[in-house]
Amino acid sequence: MVRYRNYSYVIVGGDFHSEGGAWRSIYRFYKQQEEAGESCLLVDLRRGDGLRQWLMALLYSPRVIVNALAALSRWSVLIPLLFRKDVALYLHDTEHSLDAFQRGNPWRYKLLAHLLKTHHVLCVSESMASLYRHRFGTTRTTVVYEVVDVEPRPRLNPERTHIIMVGTLNRRKGYPLFCDVAKLAKERNLPWQFHWVGGLGESDLAPVDSAMTWWGWRDSAGPILEQCDVLFLSSEDDPQPLACLEALALGKRAVGFAATGSSEILSQLSGCRVFQHFTPESALTALQEALAESVDPEAHAKILRSHCSSDAMEQRFAKIWGAEAKLR
């Protein structure tokens, strides 16, 4: 209860990290607030605790922003907004999108139209502000535009060995193991720096040691991954994470746990290792062995072509339907 009162902003959305762009500006604002030391909460309505966080924010948080139709198309958002008129609505939608929403969701559209008359509407341009004023009778509009802050390209210390994990920061991705290995390497005075690139998946987790840098969510992990020496796939179970394949495509070393799908590829490559026991000691040993071995970029490229290329997938699909045709 108290923490909700203390948030500088609570930002509510329903499409964070999706293919579209409507979430990106408000997410960049959220990251800037965090980096400035402000206490800011991002509520993803798709998460199991999203609805509870949204209702708690409505009850206790002084500044709440609801972002885009992905959130404003939900009854669970629209109805409570009837009782809290100081929540700001940040819209990115033209007549085309609004017309489509009206056709597909006429009752929700009627309620949204009512809310746009009573709430403060944040707009991405003057023309959109004019649209909302004329179409809905919106009386309070502020043009806040979109955000295009370019993330500075990080420069990693060339005198250290850099180890990276890419993925949502949560337990399933092995964040506790990652931290434990970072601490163990520091205790042994290894010249290693650990990096995690990915958004926060579990709110009770946070970086705990100076041996590790948490970069948060970024548009691309590439600028950091390119400077790192090895990808440490700390996941306890992971089917075939793309981050590992992307590291191999860059000719990087990679280390992963035996229970992950990546292990069947890593076990075939020099400069890569699979650890059998999900313990800091076992993972650290695998990292040391991988770093002591040279990488064969051609071998990396060859196995990616044979296993993980679009051409290879097409050939497998052709075999499946060829076999099905013989059965008919």
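Details of the structure are given in the entry above.
Residues numbered from 1 in each chain as written. Predicted model: local features only at pLDDT ≥ 70, side-chain atom pairs only at ≥ 80, totals over all residues. Heavy atoms only, no water.

So, about the overall build of the protein chain. When you go through the protein chain residue by residue, the secondary structure sums to 15 helices and twelve strands. Referenced to the eigenvectors of the C-alpha coordinate spread, the extents of the protein chain come out at roughly 65 × 60 × 30 Å. Positive and negative charge centroids in the protein chain, built from 38 and 37 side chains respectively, lie 6 Å apart. (Helix = DSSP H or I, 4+ residues; strand = E, 2+ residues; numbered from the N terminus. Lys, Arg positive; Asp, Glu negative; His and termini not counted. Charge placed at Lys NZ, Arg CZ, Asp CG, Glu CD.)

Looking now at helix 11 (residues 242-249). Turning to helix 11, its buried residues number three or more, namely A243, C244, L245, A247 and L248. Looking one or two places after helix 11, you find G251, whose phi comes out positive at around 75°. (Buried < 20%, exposed > 50% of the residue type's maximum accessible area, 1.4 Å probe, protein only.)

Moving on: the environment of V66. For V66, the position within the fold is in strand 3 (residues 64-67). Judged by its relative accessible area of 0%, V66 falls in the buried class. Residues in contact with V66, not counting those within four places in the same chain, are V12, W54, A71, L72, V77, V87, A88, L89 and Y90. (Contact = heavy atoms within 4.5 Å.)

When its volume is computed, the largest pocket comes out at roughly 970 Å³. Together, 41 residues line the largest pocket, and H17, T168, G198, G199 and L200 are the ones closest to its centre. Of all elements in the fold, only helix 2 (24-35), strand 2 (40-44), helix 3 (50-60), helix 10 (222-225) and helix 11 reach the threshold of two or more residues within the lining of the largest pocket. Considering only enclosed or pocket space, the second largest pocket measures out at about 340 Å³ in volume. Of all elements in the fold, only helix 2 and strand 9 (212-216) reach the threshold of two or more residues within the lining of the second largest pocket. By residue number, the principal contributor to the lining of the second largest pocket is helix 2, which donates five residues. Looking at the lining of the second largest pocket residue by residue, the class counts come to seven nonpolar, one polar and eight charged. (1 Å grid on protein atoms, 1.4 Å probe; cavity = no way out; pocket = protein on both sides within 12 Å on 5 of 7 lines; lining within 4 Å. Points joined across faces, edges and corners; volume = space filled by probe spheres on them. Nonpolar A, V, L, I, M, F, W, Y, C, P; charged D, E, K, R; others polar.)

Take the packing of helix 6 (residues 95-104) against helix 7 (residues 106-118) next. Contact geometry of helix 6 with helix 7 gives a least axis separation of 5 Å together with a crossing angle of 125°. Between helix 6 and helix 7, the crossing angle belongs to the class labelled oblique. Residues L98, F101, Q102, R103 and G104 of helix 6 form the contact with helix 7, whose own contacting residues are P106, R108, Y109 and L112. Among the residues making up the contact of helix 6 with helix 7, the classes are represented as five nonpolar, two polar and two charged. (Axes fitted to C-alpha atoms, helices over the stretch in contact; angles between N-to-C directions. Parallel < 35°, antiparallel > 145°, perpendicular 65-115°, else oblique.)

Ordered by their spatial adjacency, six strands build an open sheet running 9-8-7-10-11-12, and the pairing between neighbours is parallel. Edge positions in the sheet fall to strand 9 and strand 12 (272-275), since each has one partner strand and no second. Sheet twist, expressed as the average angle between the axes of neighbouring strands with direction ignored, equals 20°. Pairing geometry for strand 7 (residues 161-166) and strand 10 (residues 230-233), over two bridges, is parallel. If you follow I163 over to strand 10, its bridge partner there is V230. Across the sheet, helix 13 (residues 280-291) touches strand 7, strand 8 (192-197), strand 10, strand 11 (253-257) and strand 12, and the angle it forms with strand 12 is around 165°. (Pairing = 2+ DSSP bridges.)

To continue, consider the packing of helix 11 against helix 14 (residues 297-308). Look at helix 11 against helix 14: their axes get within 9 Å of each other, and the N-to-C directions meet at 140°. Considering the angle they form, helix 11 stands oblique to helix 14. Residues L245, L248 and A249 of helix 11 form the contact with helix 14, whose own contacting residues are H300, L304 and C308. For the contact of helix 11 with helix 14, the per-class residue count stands at five nonpolar, one polar and no charged.

Turning our attention to a nonpolar patch on the surface. A cluster of nonpolar side chains, contributed by W75, I79, L82, F83 and W107, occupies part of the molecular surface with about 600 Å² of accessible area. Positionally, I79 belongs in helix 5 (residues 75-81). Using a relative accessible area of 41% as the deciding quantity, one classes I79 as partly exposed. (Patch = residues over 30% accessible without salt bridge, like charges linked within 9 Å, V, L, I, M, F, W, Y side chains within 5 Å. Areas by Shrake-Rupley, 256 points an atom, 1.4 Å probe, with all protein chains shown as cover. Salt bridge = Lys/Arg side-chain N within 4 Å of Asp/Glu carboxyl O.)

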